[in-house]
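# Descriptive analysis of the structure
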Amino acid sequence: MDADYSAQDVTRCDLCKTAIAQSYCDFCHVNLCKPCIGEHISADYGKHIIVAILQRKSTLNYPKCETHQNEVCQYQCKDCNIFLCTHCFASKQHKEHEFLKLEESFSAKKNHIMKDREELEEQILPTYEEIANDLEIQISNLDDNYKKLTTAISKQREEIHREVDNAINKMEKEIGDIKMKHQGILQKHLDEIKQVQSLMQQTILALNDIEESTEVSKTIHYSSKTEKFSKLPPKVHVSMPKFIPKEIEGEELCGLIGKLTPLSTTLEERVFTAKKPNTSVRELLDEPEVLNTIKTGHDYQRRVTCLNDEQIWTSGETSDIKCFNIQGVLQKTIQTKTGEWPLDITVHRDGTLLYAYWETKTVYKVKNDQTEEIITLQGWKPVNVCVTSIGDLLVTMYSDDWTQSKIVRYSGSTVTQTIQFDEEGQPLYSGNSEIKHISENRNLDICVADWKAGAVVVVNQTGKLRFRYTGHPSPTKNEPFKPYGITTDSQSRILTSDWNNHCIHILDTDGQFLRYIDNCDLKNPSGLCVDSNDSLFVCEFYKGNVKKITYLK
């Protein structure tokens, strides 16, 4: 098996190195399986503190005293700025000095670290993501904007005699040069933003390590970088050049055609302002309502994803992936590269379409009608895909022998996270089903509809299991709960389609059942998505329809 796609590690015993650890010595700071506990505590029985693995590191790991080798330091001399054991504390060397308890300093610093991490994750990093996204959108729109310029010039050229062609070509080259300069300016600022983002991600990982660490020295000497990151980069303004046509007078054609305004760049200072949390709550409608039914013409309608608030992409068990507007008018059709139907489709933040095909073990990207392979697996088949709020790609996949399933997070084509087992080393997902739709919640939880297991499985962003939802008792819902599609809305509610009972379950962010959508004459609902206005789109598998439903006030 490829090491890049190996299973998520579980905690192993530090003595035998093979068995899964259930316990932890909070004095020696080692993981232990049950058979090895006796061997570990056989000497110096009284000093060991054996706790369950989940309570590990509850005892602080104080630094050793440099003067008294068998003692640990629990104090700090503020005057000398050194750690002290009880013997040092009582010595005349530090008489009348001011002392701090390391436990109190440790707790205070931990609180500071936690606040820094929360501010970086919830405030500063999202601001940089918005800046980067804006620059990416500007870059992606350059072709269209500059195409409008060349079109305007071409119209002017049609009104002038053939002799002006050389002058026109010269100006088109000038546009190309300006465009390259424009793109270079934006790309430079984007690269700088992404470099800071990368540093911030590294800082967050380091803060997570320190936050979980019991190393007092490392924690005490922690120095905050939040103020540095809070100083936002200046906002770049690059004004588009304009084509100013001139009336034809018969001479000096090059000057009479018109001119392009020069590329203008300004830098506007940004000031970081902490965002207030959105406290507005949209309540559920008493009776959800079908706003429109789009007939896709697909055989077995599987998936739907929102391109924007006006257009959706749909796919079924054909090679056609179709784009419709919300009135149901077909806008575009593309063919899969393999000629086979995709298991899943999704849209990246820049509007590119992504789809997965299990036989080639590949995730594809379609941009400007060109298809390219972005991820190809070994030993695993991709199933469903989801783009996260920061632009990462989450892929559910199962092993070639159908015995294992997992989620892999990609940044570009680089694996950054694997989620497969819980803290007890047990699989989080069923291993023999290709239906595992996935969505990221607003609170960064990763939500999976596991068809075979009959459960919605939700883990937090680190991969720790939060809850499993296995259905809601109802006298009218008699068939086994089989979740097919899954999506989340602006209120962090989770919506999942119940294939057998022809309805949608709505859960809160903690997995508590809120209500059904079962009044919209749904038949075998499959794929789901919501747009930015929280309008719900539901695929009806056998009918080949997509229904647009409103369910919030």
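For the structure, check the block above.
Described below are features of the structure shown in this document. (Residues numbered from 1 in each chain as written. Predicted model: local features only at pLDDT ≥ 70, side-chain atom pairs only at ≥ 80, totals over all residues. Heavy atoms only, no water.)

### A look at the packing of aromatic side chains
Definition in use: In summary, the pairing rule links any two rings of Phe, Tyr or Trp, Trp by its six-membered ring, whose centres are within 6.5 Å, and it sorts them by plane angle into stacked for under 30 degrees, edge-to-face for over 60 and tilted for everything else. Each residue is placed in one exposure class: buried if its accessible area under a 1.4 Å probe, protein chains only, is under 20% of its type's maximum, exposed if it is over 50%, and partly exposed if it falls in between.
Using the criterion set out here, one finds 14 aromatic pairs in the structure. Seen in terms of ring centroids, Tyr 357 and Trp 358 are 4.7 Å apart; in terms of plane orientation they differ by 55°. Their pairing is tilted. Residue Tyr 357 is classed as buried on the basis of its relative accessible area of 7%. Ring plane angle 90° and centroid distance 4.9 Å describe the contact between Phe 541 and Tyr 542, whose orientation is recorded as edge-to-face. Ring pairing ties together the aromatic residues Tyr 300, Trp 451, Tyr 484, Trp 499, Phe 541 and Tyr 542, which thus form one cluster.

### Brief notes about the environment of Ser 217
Inclusion rule: For the purposes of this entry, the term helix denotes a DSSP run of H or I that reaches at least four residues, the term strand denotes a run of E that reaches at least two, and both are numbered from the N terminus. By definition, residues are in contact when any of their heavy atoms lie within 4.5 Å.
The topology assignment puts Ser 217 in helix H5 (residues 216–220). Between the alpha carbons of Ser 217 and Pro 427 there is a distance of 37 Å; along the sequence they are 210 residues apart. Setting aside chain neighbours within four positions, we find Ser 217 in contact with Pro 63 and Phe 83.

### Examining helix H1 (residues 34–41)
Because each turn of an α-helix spans 3.6 residues, side chains separated by three or four positions in sequence point in the same direction. The test is simple: Picture the helix axis, draw a direction to every C-beta atom, and the arc is the one those directions span.
Of all the positions in H1, only Cys 36, Ile 37, His 40 and Ile 41 are classed as buried. Each buried residue of H1 sits inside an arc of 125° when the element is viewed along its axis, so together they form one side. Those residues of H1 that are exposed and angled more than 90 degrees off the buried face are Pro 35 and Glu 39.

### What to know about the pairing of strand E33 (residues 536–540)
The side chains of a regular strand alternate between the sheet's two faces. So the rule is basically this: Whether two strands pair comes down to DSSP finding at least two bridges between them.
Judged by how many residues are buried, E33 sits mostly within the fold: five of five residues are covered. Of the two faces of E33, the one lined by Leu 536, Val 538 and Glu 540 and the one lined by Phe 537 and Cys 539 are each fully buried. As defined by bridge partners, strand E32 (residues 525–530) adjoins E33 across four bridges and the pair is classed as antiparallel. Paired with Cys 529 across the bridge in E33 is Phe 537. Where E33 lies against strand E34 (residues 545–552), five bridges are found, and the strand directions are antiparallel. Paired with Glu 540 across the strands is Asn 545, a residue of E34. Hairpin connection, E33 to E34: the antiparallel pair is bridged by four residues, and Gly 544 has positive phi, about 75°.

Interpretation note: all reported values are geometric properties and have no functional meaning in isolation.
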